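The chain contents come next:
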Amino acid sequence: MSIALTFIIPVRHQDNAKDWSRLKANLSQTLASISNQSTGAWRGLVVANEGADLPPLPKQVEAVRVTFPPNLLHDKGTATQEEFYEAFRIDKGRRVLAAMVAAEKTSHFMIVDDDDLVSCRLAEFVGRNPSGHGLVVKQGYIWTDQGSYLYAYPDLNGLCGSTLIIRSDLYELPATASGWPDERIKKMLGSHRQVGQHLAQAGTPLVPLPFPGAVYRIGHAGNHSGKGGIADEFFWNRRYIRRPWLLGSNLLKLRPITGKVRQEFFGAGRAH
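Residues numbered from 1 in each chain as written. Predicted model: local features only at pLDDT ≥ 70, side-chain atom pairs only at ≥ 80, totals over all residues. Heavy atoms only, no water.

All right, on to the nonpolar core then. Ranked by internal contacts, the top residues of the largest apolar core, which has 40 residues, are Leu5, Phe7, Ile9, Val46, Met110, Leu122 and Ile142. Of all the secondary structure elements, the ones that give two or more residues to this core are strand S1 (5–10), helix H1 (20–34), strand S2 (42–49), helix H3 (122–128), strand S11 (214–218) and helix H6 (230–234). In terms of nonpolar packing, the next biggest core, distinct from the first, is built from 26 residues, Val66, Ala103, Leu170 and Tyr171 among them. (Core = buried A, V, L, I, M, F, W, Y, C linked by side-chain atoms within 4.5 Å. Buried < 20%, exposed > 50% of the residue type's maximum accessible area, 1.4 Å probe, protein only. Helix = DSSP H or I, 4+ residues; strand = E, 2+ residues; numbered from the N terminus.)

Here we take up the pattern of salt bridges. Counted by the stated rule, this structure contains 14 salt bridges. Where Arg43 meets Glu104, a salt bridge forms, and the shortest distance between an N and an O atom there is 3.7 Å. With Arg43 in strand S2 and Glu104 in the loop between helix H2 (81–102) and strand S4 (108–111), this pair connects stretches of sequence that are 61 residues apart. Given the relative accessible area of 25%, Arg43 is considered partly exposed. Classification of Glu104 by relative accessible area gives partly exposed; the value is 48%. A salt bridge links Asp182 to Arg94; the nearest nitrogen and oxygen atoms lie 3.4 Å apart. Taken together, the positions of Asp182 in helix H4 (residues 182–188) and Arg94 in helix H2 put the pair 88 residues apart, joining distant regions of the chain. Take Asp182: its relative accessible area is 36%, and that puts it in the partly exposed class. Sharing partners across several salt bridges, the network here consists of Glu82, Glu86, Arg89, Glu183 and Lys186. (Salt bridge = Lys/Arg side-chain N within 4 Å of Asp/Glu carboxyl O.)

Reading across the sheet, the 5 strands line up as S5-S11-S7-S8-S12 and stay open at both edges, with mixed pairing between neighbours. Either end of the sheet is taken by a strand with one partner, and the two such strands are strand S5 (117–118) and strand S12 (254–256). Bridging between strand S7 (residues 140–144) and S11 involves 4 bridges; their strand directions are parallel. Paired with Ile142 across the strands is Tyr216, a residue of S11. (Pairing = 2+ DSSP bridges.)

Sheets are built from strands paired through backbone hydrogen bonds, the pairs being either parallel or antiparallel. Read across the open sheet, the 7 strands follow the order S3-S2-S1-S4-S9-S6-S10; overall the sheet is mixed. Sheet topology places strand S3 (61–66) and strand S10 (207–208) at the edges, where each strand pairs with a single neighbour. Pairing of strand S6 (residues 134–136) with S10 involves 2 bridges; the strand directions are parallel. In the strand pairing of S10, Val136 is matched with Pro208. Contacting S1, S2, S3 and S4, H2 runs over the sheet at an angle of about 145° to S1. (Contact = heavy atoms within 4.5 Å. Axes fitted to C-alpha atoms, helices over the stretch in contact; angles between N-to-C directions.)

This part is about the pairing of S2. Counting buried positions over the 8 residues of S2 gives 7, a clear majority of the element. A crossover links S1 with its parallel partner S2, the connecting element being H1, and its sense is right-handed. As paired strands, S2 and S3 are joined by 6 bridges and run parallel to one another. Each residue of the ladder has a partner; that of Val46, found in S3, is Ala63. (Right-handed = clockwise from strand over helix to strand, strands pointing away.)

Okay, structure coming up:
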C-alpha cells in the first residue's frame, strides 16, 4: 500500500522540556490520535534527540534521532520577540527537515505538534485526492488540557501549526538534511504562517479541508504559545467581559467531548 500521508512530529530537545513526563504523556495521546486513521496508508515520524526517552511508539510510527543542541532561547528571557521566534523556527525546522529527508516516498506531509490531535479521516481523504496541492485546516477545535469540552474555531490555521497538509514534491526537498539554507528552513518548515502564501504565489494554492481536522491543545505547562485555557482565552478575557453580548456566541461554540468525538480525535475505538 502506498503512503498517502506522513505525519511528522518534531519533539524539542529534552533539556528544553519543563516537564518531560508531561511531554511524554501528551505525545502518547498525539500518537494515539494519529494512529487511529481510518486507512492504513499513512506513516508517522517522531523526531527526537539521541538519548530522549520516548513513550512506546505505535505501529507505523518510527523515531528519527537527531543530535541538534538545545534551543538556548526556548524560554524568551531577555531576547527580543523576533530573536525568540527565529530560534524556535530554526530548531523546529531542522528537526522537520531531518524527518522529511529520511521519510519513505509519500504523497503528502503533515507536521503535527507533539501535543495536538488530528481527525482520523485525514489519511483517507488525502488518499482519495492524491494530486491535490494540499489542504489547510480552517475548521477545528481548541481544547484545554484535560478538559471536557472543545471550542469550535473557524480559523484554526491562524493559531495552530498542526494545520497544513502539503504534497511532498512541492517542498522541493534536498538530498540531505544539510541541503537547505537556514532562511528556507525557517520559512517552509519552522513556522506555518508563510507557507500558504508562498505556495499560492507559486501557483499551487492549498484548499480548505472540508471538515474539522485538528484539535489545538492549550493550557498546559509545556505549551510554547503560553496560552491559558479556553475559559481564559474566550470567556474571562477582558475583551469579552467588556462585550458581554459576545459571551453567548462563544458559549454556542463549546462542544462536549462525546464518544464520537473521542473516536475521531482522541484515538478511542480502534486497535493501534
